[in-house]
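Analysis of the macromolecular model
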Amino acid sequence: MADFPAELRRALPRLAEGLLVTAEATVLGAALALLLAYVLGLSSRSARLPVRGAARFVVEFFRGTSLYVQLFWLFFALPMVGFRLEPLACAVLALGLNYGAYGAEVVRGAITAVPRAQTEAGIALGMGPALRLRRVVLPQAHALMVAPFKNLLVQLLKATPLLSLVTVPDLTFQIDQLRSATGATAASYLLLLGLYFAMAVGLSLLMNALERVAKARLGQEGGA
């Protein structure tokens, strides 16, 4: 068994690279998920049945199937039908589709939770549907979305160890290399647990700050 502290010092540059890859996948996956959440969440409330039906199908499909299987399908099966993506692109797409489907329910639920009287007030002021949504409904819905989005963001971060299964050199991949070199399984994975915990705490603090800002804009107090 190699000396773990010495091997850890030598592995620090690789661990830093793996941490950056994990952060990149988290940020890009979250950005795609947020975009899809709004598109699918708003489409799920469309008055047009084909639009609403298509959005609901996409949401239920990606919520109802495993992220693990989705990632493997994109990486191993998609090339068989003529499309090949880089491993990191597969990971970002899988994370975005899966968590975007869950986020769509957050968007739909938050908009539904805005009191009907607010919409009626917008109608009384002569606002069209798009203007009411932008100026009346969404500002109030955003404050309701932040806490559920925080949970989804942390869940997305915790799903990134799957990236190592499709050859992405993320933090988990680099830690596993350290474990193989040292034989110190417990110490290696304890370090991995600590690093993921630190990242999750950082994301939670950031989202708590965003929640306070969203509530302050509405004249509300508090925030997690």
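Bear in mind that the values here come from a model prediction, so they are computed numbers and not experimental data.

Summing up its helical and strand segments, the protein chain has 8 helices and 0 strands in all. Reading the helices (α) and strands (β) of the protein chain from amino to carboxyl end gives α-α-α-α-α-α-α-α. C-alpha atoms of the protein chain, sized along the principal axes, occupy 75 × 50 × 20 Å. When each of the 224 residues of the protein chain is scored for burial, the buried share is 39%. The long-range fraction of contacts in the protein chain, counting pairs at least 24 apart against all pairs at least 6 apart in sequence, stands at 74%. For the protein chain, the separation between the mean place of its 20 positive charges and that of its 12 negative charges on side chains is 11 Å.

What follows deals with the packing of helix H5 (residues 116-124) against helix H6 (residues 129-159). Taken N-terminus to C-terminus, the directions of H5 and H6 make an angle of 160 degrees; their axes are 10 Å apart at the nearest point. Comparing their axes, H6 and H5 come out roughly antiparallel. In this structure, the crossing between H5 and H6 has a hand that is right-handed. Here Gln118, Thr119, Gly122 and Ile123 of H5 lie close against H6, whose contacting residues are Arg132, Val136, Val137 and Gln140.

Our focus in this paragraph is the packing of helix H4 (residues 87-113) against H6. Close contact between H4 and H6 brings their axes to 8 Å; oriented N to C, the two are set at 145 degrees. Here H4 runs over H6; the crossing is right-handed. Contact with H4, carried on its side by Leu95, Tyr99, Tyr102, Gly103, Val106, Val107, Ala110, Ile111 and Ala113, involves Leu133, Val137, Leu138, Ala141, Leu144, Met145, Pro148, Phe149, Leu152, Gln155, Leu156 and Ala159 of H6 and no other residues of that element. Of the residues contributing to the contact of H4 with H6, the split by class is 19 nonpolar, 2 polar and no charged.

Here the UniProt feature "transmembrane region" (unreviewed entry) sits at residues 20-40, 61-78 and 186-207. Regarding residues 20-40, the helix share stands at 100% and the strand share at 0%, and the terminal C-alpha atoms are separated by 30 Å. As annotated, residues 61-78 has a helix share of 83% and a strand share of 0%, and its two end C-alpha atoms lie 17 Å apart.

Attention shifts here to the UniProt feature "domain: ABC transmembrane type-1" (unreviewed entry) in the protein chain. In the numbering used here, UniProt assigns the feature "domain: ABC transmembrane type-1" (unreviewed entry) to residues 15-214. Between the C-alpha atoms that bound residues 15-214 the distance is 35 Å, and the span itself is 82% helix and 0% strand.

With the rule as written, the count across this model stands at 8 salt bridges. For the salt bridge of Glu60 with Arg56, the shortest nitrogen-to-oxygen distance reads 2.7 Å. Taken together, the residues span about one helical turn, with Glu60 and Arg56 both in helix H2 (residues 49-64) at a distance of 4 residues. Note that Arg56 is salt-bridged to Glu105, the shortest N-O span being 2.5 Å. Here Arg56, found in helix H2, pairs with Glu105, found in helix H4; they are 49 residues apart in sequence, far enough to count as distant. Through salt bridges with shared partners, a single network forms among Arg56, Glu60, Arg63, Glu105 and Arg108.

Membership of the largest hydrophobic core comes to 49 residues, with the highest contact counts inside it found for Leu95, Tyr99, Ile111, Met145 and Phe149. With 13 residues, H6 is the single largest residue contributor to this core. Non-local contacts of Phe149, meaning those with residues more than four positions away in its chain, are made with Leu34, Ala37, Gly103, Val106, Val107 and Met207.

On to unusual backbone geometry. A positive phi angle, close to 70 degrees, is found at Thr167, a residue other than glycine. Mapping Thr167 onto the fold places it in the loop between H6 and helix H7 (171-182).

Let us now look at the environment of Tyr189. Note on placement: Tyr189 falls in helix H8 (residues 185-217). What makes Tyr189 partly exposed here is its relative accessible area of 31%. Spatially, the C-alpha atoms of Tyr189 and Phe83 are 35 Å apart, while their sequence positions differ by 106 residues. Apart from residues lying up to four places away in sequence, Tyr189 is in contact with Ile175, Asp176 and Arg179. Side chain to side chain, Tyr189 and Arg179 meet in a polar contact 3.2 Å long.

Rules and cut-offs
- Residues numbered from 1 in each chain as written.
- Predicted model: local features only at pLDDT ≥ 70, side-chain atom pairs only at ≥ 80, totals over all residues.
- Heavy atoms only, no water.
- Helix = DSSP H or I, 4+ residues; strand = E, 2+ residues; numbered from the N terminus.
- Buried < 20%, exposed > 50% of the residue type's maximum accessible area, 1.4 Å probe, protein only.
- Contact = heavy atoms within 4.5 Å.
- Lys, Arg positive; Asp, Glu negative; His and termini not counted.
- Charge placed at Lys NZ, Arg CZ, Asp CG, Glu CD.
- Axes fitted to C-alpha atoms, helices over the stretch in contact; angles between N-to-C directions.
- Parallel < 35°, antiparallel > 145°, perpendicular 65-115°, else oblique.
- Left-handed = near helix turned anticlockwise from the far one by under 90°.
- Nonpolar A, V, L, I, M, F, W, Y, C, P; charged D, E, K, R; others polar.
- UniProt positions renumbered as here; feature names shortened; annotations may be inferred.
- Salt bridge = Lys/Arg side-chain N within 4 Å of Asp/Glu carboxyl O.
- Core = buried A, V, L, I, M, F, W, Y, C linked by side-chain atoms within 4.5 Å.
- Polar contact = N/O pair within 3.5 Å; in protein donor to acceptor, adjacent residues only side chain to side chain.

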